[in-house]
Amino acid sequence: MTAARTLRGSLLGLALVAGGCSTLGNVGEFADPISTAGAGPFRFVDKYETAIDGEPANAIVMVSGDAMSSGVAAGDFLFFAAADANLVAPDRDPTLADHEVDFARFEPRTIRRASSNGWAGYIEPEEVFVAEEAWEGDAVFDPWPVLLPDGTLRLYYAAEGGIGLAEASSVDGTLERVGDGHVLGELTDDDLVPSSPTVVVDDVLGTLMYFELGGDIAVARSDDGVDFELVDGDPSTAAWDPLDLPAAPPMADDDPVELRIGHPGAVIAAMGSGRRTVRLYFEVFLSDETRTIGFAASLDGVDFERSARTIVAGESSGTPAPIVDAEGNTRLFVTQSSERANEQRRALYLAVGTSTELPSLPEPEPEPEG
Amino acid sequence: MMRRIAIALATFSAALGLSATAAASPPDTLGLGSRSIAMGGAVVADVQDFGSVYYNPAGLARDNRLQVNAGYLRLHSFLQINDDDSDVEPLGASTFGIVASHSLGRVDLAFGLAVLLNDQRIARTRTAILDRPRWELYDTRDHKVYLSPAVGLRPFRWLHIGGGITFQSPATLQLDVRGSLDPFDSSDTRFEHRFRGNLVSVRYPQAGIQIDPNDDWSIGASYRGSYTIDTITLAGADLDIALSPGAPTLAQLQLAIASASLSTFGPQQATVGFAFHPSAAFRIGADVVWVDWSKHGSLISDEEISIEIIGNLPGIDIPSEIRGRDPIPLGLRDRWIPRVGGEGRLIANDGLQLFLRGGYAYERTPFPTQTGVTNFVDGDRHVLSSGLGLVFDQLEPGLDGELRLDAHLVWGFLPDRVHEKLSLVDPVGDYVAGGNQLAFGVNVTVVFE
């Protein structure tokens, strides 16, 4: 090959490369990757994501005329507590906050199960568990389902006398109490009765149950998920203590202050580094009669760090129940006020991470003006 | 020899004294000139093409011929955070350069100019959002125009010195809004606004020296000053609130936002290196670069916000305290970057020479792991480079000189780096960041005798 031929070939190649490259100068958008721990903040899914139509709008399951108290999914099913309207209801308790449900004005709560509609919504709710034992009183509520690796369903629940446990051979099977069902009863000298159980199962931490106890949140540990032992939330003191979850001080003098916390919902989630934390969401009752959701996280399940951030919007959000779905996204089930027929009730909604995209029905085209 | 070194140090010091203020620039990531890039950038001791303007202005006076250069280069970043593509935009740029020399008695004097024109935009800037992780060194800061003139001198056959300045542009943006606001009927609301932008150049100096103790060895050193590009945004609104145009003013709303952010900081850099070139067919070199990253200011903007309503507007309560934001120290550390590279001539016949080149650099990240509220992602970078060069030197009568064609291919590898947050409730949480980069480019240089 002579130098002249090489030169011609090289120049031709260079011209092709330069010409091609000069067309590549497309101006792109700013790279804006949203990377979150999945711990919040959350957004509420809408009716196009739930594929559920009706009132209240954007609720994930419709139970006409009923009041809900809490709900959480397991597998393709949603377990929740609801109560039918009582036609001869007593007067509303005047001490309750405006957005609170007066469950004395409803029939006793029972636990229902609805199945997934393939979107983010649930359909065909049916009653699957009702109060029968003496310790339960006349209502069962606050269900927390745990699916074991062999497919067995464990359903922790609350009743008037404490926390109980029922099992089914599968998530859609018939629930039977374990013994008389009673797992945790009166726990302290103050006759405080535990409620609102939430359970996480971990190879390292064991089975941990968080529950509400007298305006605080406590934790118990178990090896088998049946027999639980209280864990001291603050070993530095001689007495038994609930979890230490101090509120951040108000930013301004006229900001509402925190009165109490309750109704925990827990999940174990892994971050990008592989570190696993227990994430605990809970109700926060404020002095201005609003309710919001707090968040804390822990490596050992006992020593928690609390977040000062707002996790979800709304002044009546409560009963948080987190799960991690098959894609690794955190889904947070919450209830919010839903006033119908001049009666304060609550409906069940789903919140997901602000960057989480769920399958969605096409939204209708806006009608032209005029 | 000691006398030579003393003279060299004195002239280098004098060159530094001429320097003004100063620079991270697109060439810090991309390099400049395919030949130098292919050799890992380890050329401070003997660079002599238009890339001298960036690597060491002293090299401009090495070759007393006129050189004209044009090229194109691209950088594609395939970077991930938690295995999700970070969508770092590819970067493409055209390069142009010229080196012209003249002899004044026994002293050779050369002028060089290097331009790197981003083919997407003149400049790009944005402030940082705390909870949005971004690849700080590759996301925005390389999207700039690079323009640098320099001069080189060869007072003795064994000594080369040079200096120059590089231009960059910051921005001051101001938005003023005034008018009247009807809170009950938006159709009666009237606004007018004025926007002012001011792009002012900043300059930073560079200087260098090359010494040839003998025909086989060269040693060199260069210095680049630091520069800071700030973006200052001022927004103000002065609104009369009334029920309708012409109606008495109910109240006056005054809003002022002042945001001062550091867009880009270029750290001062000093490089020393050597080159061994026993013949025209073989050359190796090694550099060490000190980068003064620890002087990097905060990339979190300093914001002040004030809202005031003068008068009585029932139902509207402005909090007594509205938070702005304070800068957060980044905690960067100075870094030493080793570079090695070389070339060998494979073919030399009939006016054609073919060179094969290779190089390596290890750039340890100056950014600490992001354990706090900031999320400026970066990682150590291994840079493997390679390239080919063709030289045609028998082109008369068409060209009395040489035609050089150079191409380079670079692979950058950023191993996964774990960022573990101190706070368990951090909204971003822990993440793992890493990836690969691919850069390539071509250059054509015409050398006139």
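Treat the numbers as computed from the prediction; the structure is a model and nothing was measured. (Residues numbered from 1 in each chain as written. Chains lettered and ligands numbered in written order. Predicted model: local features only at pLDDT ≥ 70, side-chain atom pairs only at ≥ 80, totals over all residues. Heavy atoms only, no water.)

Q: Break down the overall build of chain B for me, citing the residues and quoting the values.
A: Counting its regular elements, chain B contains 5 helices and 22 strands. Total accessible area on chain B is roughly 19,400 Å²; 60% of this is exposed by carbon and sulfur atoms. (Helix = DSSP H or I, 4+ residues; strand = E, 2+ residues; numbered from the N terminus. Areas by Shrake-Rupley, 256 points an atom, 1.4 Å probe, with all protein chains shown as cover.)

Q: Can you break down the pairing of strand β15 (residues 282-291) of chain B residue by residue, with the values?
A: Residues and elements named next belong to chain B. Across 9 bridges, strand β14 (residues 269-279) lies against β15 in antiparallel orientation. Its bridge partner lying in β15, V272 is registered against V288. Counting the residues that bridge the hairpin from β14 to β15 gives 2 residues. In this structure, β15 lies alongside strand β17 (residues 335-349), joined through 10 bridges in antiparallel fashion. Looking at the pairing, W290 lines up with W336 of β17. (Pairing = 2+ DSSP bridges.)

Q: Mind laying out the nonpolar core, listing which residues take part and the relevant values?
A: Counting 34 residues, the largest nonpolar core has V61(A), L78(A), F80(A), M209(A) and F333(A) as its most contacted members. Those residues in contact with M209(A), other than ones at most four positions away along the chain, are Y156(A), I163(A), V183(A), L184(A), P197(A), T198(A), V199(A), A218(A), V219(A), A220(A) and F228(A). Within the second largest apolar cluster, 30 residues are counted, among which are I37(B), V43(B), A110(B) and Y146(B). (Core = buried A, V, L, I, M, F, W, Y, C linked by side-chain atoms within 4.5 Å. Buried < 20%, exposed > 50% of the residue type's maximum accessible area, 1.4 Å probe, protein only. Contact = heavy atoms within 4.5 Å.)

Q: Can you tell me about the sheet that holds strand β13 (residues 229-231) of chain A, naming the residues and giving the values?
A: All names here are of chain A. One open sheet accounts for 4 strands, arranged β10-β11-β12-β13; its pairing is antiparallel. Each edge of the open sheet carries a strand with a single partner, namely β10 (195-202) and β13. Neighbour-to-neighbour, the strand axes of the sheet open up by a mean angle of 30°, direction not taken into account. Bridge count for strand β11 (residues 206-213) against strand β12 (residues 216-222) is 7 bridges, and the pairing is antiparallel. Across the sheet, M209 pairs through a bridge with A220, a residue of β12. (Axes fitted to C-alpha atoms, helices over the stretch in contact; angles between N-to-C directions.)

Q: Mind laying out the packing of aromatic side chains, listing which residues take part and the relevant values?
A: Under the definition given, this model contains 15 aromatic pairs over all chains. A ring pair is formed by Y156(A) and F228(A), whose centres lie 6.1 Å apart and whose planes are at 80°; its orientation type is edge-to-face. Taken together, the residues Y156(A) in strand β7 (residues 153-159) and F228(A) in the loop between β12 and β13 connect sequence positions 72 residues apart. Comparing Y156(A) with F228(A), the two get one shared label, buried. Ring geometry for Y204(B) and Y227(B): centres 4.7 Å apart, planes at 20°, overall stacked. Taken together, the positions of Y204(B) in strand β10 (residues 202-211) and Y227(B) in strand β12 (residues 227-242) put the pair 23 residues apart, joining distant regions of the chain. Side by side, Y204(B) and Y227(B) carry an identical accessibility label, which is buried. An aromatic cluster of at least three residues, connected via ring pairs, comprises F42(A), Y281(A) and F295(A). One cation-aromatic arrangement involves R260(A) over F285(A); the distance from NZ or CZ to the ring centre is 3.8 Å. (Phe/Tyr/Trp six-rings, centres within 6.5 Å; stacked < 30°, edge-to-face > 60°. Lys NZ or Arg CZ within 6 Å of the ring centre and 35° of its normal.)

Q: Tell me about a nonpolar patch on the surface, residues and numbers included.
A: All names here are of chain B. A cluster of nonpolar side chains, contributed by L66, V68, I98, L104, L109, F111, V151, L153 and F448, occupies part of the molecular surface with about 670 Å² of accessible area. At the level of elements, β1 (66-81), β3 (91-104), β4 (107-118) and β6 (146-156) are the ones that each hand at least two residues to the nonpolar patch. Counting through the fold element by element, L153 comes out in strand β6. Classification of L153 by relative accessible area gives partly exposed; the value is 32%. (Patch = residues over 30% accessible without salt bridge, like charges linked within 9 Å, V, L, I, M, F, W, Y side chains within 5 Å. Salt bridge = Lys/Arg side-chain N within 4 Å of Asp/Glu carboxyl O.)

Q: Summarise the pairing of β12(A); cite the residues concerned and give the values.
A: Along any regular strand, the residues point their side chains to alternate faces of the sheet. All names here are of chain A. Counting buried positions over the 7 residues of β12 gives 5, a clear majority of the element. Connecting β11 to the next strand, β12, in antiparallel fashion are 2 residues, including G214 with a positive phi near 60°. Relative to β13, β12 runs antiparallel, the two sharing 3 bridges. Opposite A220, over in β13, you have L230 as the bridge partner. Between β12 and β13, which pair antiparallel one after the other, the connecting turn spans 6 residues, and G225 there sits at a positive phi close to 80°.

Q: Requested: an account of the side chain of R283(B), with residues and values cited.
A: Residues and elements named next belong to chain B. Within the secondary structure, R283 is located in strand β15. Note on R283: relative accessible area 3%, which makes it buried. In this structure the side chain of R283 is engaged in a polar contact, spanning 3.4 Å, whose partner is the backbone oxygen of G341. If we ignore the near neighbours within four places in the chain, the residues touching R283 are M39, A42, V43, D46, A275, F276, H277, G341, G342 and E343. (Polar contact = N/O pair within 3.5 Å; in protein donor to acceptor, adjacent residues only side chain to side chain.)

Q: Describe the pattern of salt bridges, listing the residues and the values that go with them.
A: Going through the model one piece at a time under the given rule, you end up with 31 salt bridges over all chains. Notably, a salt bridge pairs R260(A) with E212(A), separated by 3.8 Å at the nearest N-O pair. Here the residue R260(A) occupies a position in strand β14 (residues 258-270), and E212(A) occupies one in strand β11, the gap between them amounting to 48 residues. Owing to a relative accessible area of 37%, R260(A) belongs among the partly exposed residues under this scheme. Relative accessible area serves as the criterion here: at 15%, E212(A) is assigned to the buried category. Here the salt bridges share partners, and the residues they tie into one network are D63(B), R65(B), E402(B), R404(B) and E449(B).

Q: Go over the environment of L32(B), please, and point to the residues and values.
A: Residues and elements named next belong to chain B. Note on placement: L32 falls in the loop between α2 (26-30) and α3 (34-38). On the basis of relative accessible area, L32 is assigned to the buried category, the value being 0%. Residues L32 and D84, spaced 52 residues apart in sequence, show a C-alpha to C-alpha distance of 31 Å. With residues near it in sequence (within four places) discarded, L32 still touches P27, I37, F50, G51, Y54, Y55, T95, A114, L116 and Y146.

Q: Give me the sheet that holds strand β17 (residues 304-306) of chain A: which residues, what numbers.
A: The strands making up a sheet associate through hydrogen bonds between their backbones, and the pairing can be parallel or antiparallel. All names here are of chain A. Here we have 4 strands laid out as an open sheet, ordered β14-β15-β16-β17, and antiparallel in their pairing. Edge positions in the open sheet fall to β14 and β17, since each of these has one partner strand only. The mean inter-strand angle of the sheet, taken between neighbouring strand axes irrespective of direction, is 30°.

Q: With reference to specific residues and values, describe the side chain of H408(B).
A: Residue and element names in this part refer to chain B. For H408, the location among the structural elements is in strand β21 (residues 401-419). In terms of polar contacts, H408 uses its side chain to reach the side chain of S34, at 2.8 Å. Not counting chain neighbours up to four residues away, the residues in contact with H408 comprise S34, I37, A38, L73, S386, G387, A439, F440 and G441.

Q: Explain a negative patch on the surface to me, and be specific about the residues and the numbers.
A: Side chains of D83(B), D84(B), D85(B), D87(B) and D416(B) sit close together on the surface and give a patch of like negative charge. Position of D84(B) among the secondary structure elements: in strand β2 (residues 84-85). (Lys, Arg positive; Asp, Glu negative; His and termini not counted. Charge placed at Lys NZ, Arg CZ, Asp CG, Glu CD.)

Q: I'd like to hear about unusual backbone geometry, residue by residue, with values.
A: With an omega of 10°, the peptide bond running from G40(A) to P41(A) counts as cis. Inspection of the secondary structure assignment puts P41(A) in the loop between α1 (3-22) and β1 (42-44). The step from E55(A) to P56(A) runs through a cis peptide bond, and the omega angle for that step is 0°. Relative to the helices and strands, P56(A) resides in the loop between α2 (47-50) and β2 (67-74). Its identity as a non-glycine residue notwithstanding, N82(B) has a phi of 50°, on the positive side. Residue position: N82(B) is located in the loop between β1 and β2.

Q: Can you tell me about the environment of T152(A), naming the residues and giving the values?
A: Residue and element names in this part refer to chain A. Among the secondary structure elements, T152 is positioned in the loop between β6 (140-147) and β7. Judged by its relative accessible area of 15%, T152 falls in the buried class. For the pair formed by T152 and M62, sequence separation is 90 residues and the distance between their alpha carbons is 27 Å. Other than its neighbours up to four places away in sequence, T152 contacts V146, L147, E167, A168 and S169. A polar atom in the side chain of T152 sits 2.9 Å from the side chain of D150.

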